[in-house]
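Structure assessment
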Amino acid sequence: TLVDFCASEHSSARGIQHTAVRQAHRKHEPNFHDKYGTMVLLGGAAMFTTVWGYVFTKLNVEWGLSPVGRITPREWRE
């Protein structure tokens, strides 16, 4: 019946809420990401910046992607 359904929904919702509260009060053990996540992220950012800084400055790559001034238009033929 509808009353039984509502009662069972209420009890299961209360059980889920109780489980969430119980888990929130439990001691949280730090894992690898908690311990080293920030250092790994900063190290990766530093490595990324170093490698691309080298690529942009030391390798003589011409980054002129614009054809303005290098290509002259031909005369139009009809």
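Each remark here, short or long, concerns the structure printed above.
This section reports on the structure supplied with the text. The structure presented is a predicted model; accordingly, all values stated were derived computationally and were not measured.

Let's shift gears to the packing of aromatic side chains. When we look at a pair of aromatic rings, we describe it by the centre distance and by the angle of the planes. Under the criterion given, the structure shown has three aromatic pairs. Measuring from centroid to centroid gives 6.5 Å for Phe 48 and Trp 52, while their planes differ by 55 degrees, and the two rings are tilted. Here Phe 48 and its partner Trp 52 are both found in helix H2 (residues 32-57), four residues apart, which amounts to about one turn of the helix. With relative accessibility at 54%, the residue Phe 48 sits in the exposed group. For the pair Trp 52 and Phe 56, a centre-to-centre distance of 5.7 Å together with 35 degrees between the ring planes defines the contact as tilted. With Trp 52 and Phe 56 both in helix H2 and four residues apart, the pair spans about one turn of that helix.

Thresholds, definitions, all that
Residues numbered from 1 in each chain as written. Predicted model: local features only at pLDDT ≥ 70, side-chain atom pairs only at ≥ 80, totals over all residues. Heavy atoms only, no water. Phe/Tyr/Trp six-rings, centres within 6.5 Å; stacked < 30°, edge-to-face > 60°. Helix = DSSP H or I, 4+ residues; strand = E, 2+ residues; numbered from the N terminus. Buried < 20%, exposed > 50% of the residue type's maximum accessible area, 1.4 Å probe, protein only.

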